[in-house]
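# Residue-level structural notes
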Amino acid sequence: MDKEAVVQKTVETLAPFETANLVHFIKNLTVKSAMGNPWIIGMFLIVAFYAIVVRSKFVLSLLFAAVSLLLLLRYTLPAEGDTLSVSSTLPFAFGGLAIGAVLIYLNFIKTE
């Protein structure tokens with residue numbers, strides 16, 4: 001392959017990582033698509049591996065908060081087109097309080 005072919009193949013391979021494509025992806029990202037996207041799951045796994053190896057309580061707390069908020073949003077908020085009701089708002093509110101309580105306990109109360 002000549003130099004032009006290699007450059008063209010590289011441009012085609014890296015096209016999904018252009019800024020405009022990344023911004024479009026993030027704008028159209030939903031909780032359901034984030035939970036099924038292998039790139040996002042892979043990033044979470046890499047961060048989790050790093051946090052466990054380094055034993056960073058702060059990074060583990062951030063990871064716990066992000067994953068639990070994604071799960072909370074996915075399972076408590078109504079589907080598109082439905083209206084908010086007390087039966088969907090209360091689990092969201094109490095789930096958020098539980099996540100906050102766990103984070104406060106892990107970061108400020110529990111000592112090693």
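Residues numbered from 1 in each chain as written. Predicted model: local features only at pLDDT ≥ 70, side-chain atom pairs only at ≥ 80, totals over all residues. Heavy atoms only, no water.

## Description of the environment of Thr30
Mapping Thr30 onto the fold places it in the loop between helix 2 (19-27) and helix 3 (31-36). Counting along the chain gives 44 residues from Thr30 to Arg74, while the straight-line C-alpha distance between them is 9.2 Å. (Helix = DSSP H or I, 4+ residues; strand = E, 2+ residues; numbered from the N terminus.)

## Examining the UniProt feature "transmembrane region" (unreviewed entry) in the chain
When the UniProt feature table is mapped to this numbering, "transmembrane region" (unreviewed entry) covers residues 36-53, 58-77 and 89-109. Secondary structure content for residues 36-53 is 94% helix and 0% strand, and the end C-alpha separation is 26 Å. (UniProt positions renumbered as here; feature names shortened; annotations may be inferred.)

## Concerning the side chain of Ser61
Here Ser61 lies in helix 5 (residues 57-76). In contact with Ser61, other than residues within four places in its own chain, are Leu103 and Asn107. (Contact = heavy atoms within 4.5 Å.)

## Re the packing of helix 5 against helix 6 (residues 86-109)
Here helix 5 crosses helix 6 at 170°, and the two axes come no closer than 10 Å. In terms of orientation, helix 5 lies roughly antiparallel with respect to helix 6. Each of Lys57, Ser61, Phe64, Ala65, Ser68, Leu69, Leu72, Leu73 and Thr76 in helix 5 lies in contact with helix 6, whose residues at this interface are Ser88, Pro91, Phe92, Gly95, Gly96, Ile99, Val102, Leu103, Leu106 and Asn107. Within the contact of helix 5 with helix 6, the residues separate by chemical class into 11 nonpolar, 7 polar and 1 charged. (Axes fitted to C-alpha atoms, helices over the stretch in contact; angles between N-to-C directions. Parallel < 35°, antiparallel > 145°, perpendicular 65-115°, else oblique. Nonpolar A, V, L, I, M, F, W, Y, C, P; charged D, E, K, R; others polar.)

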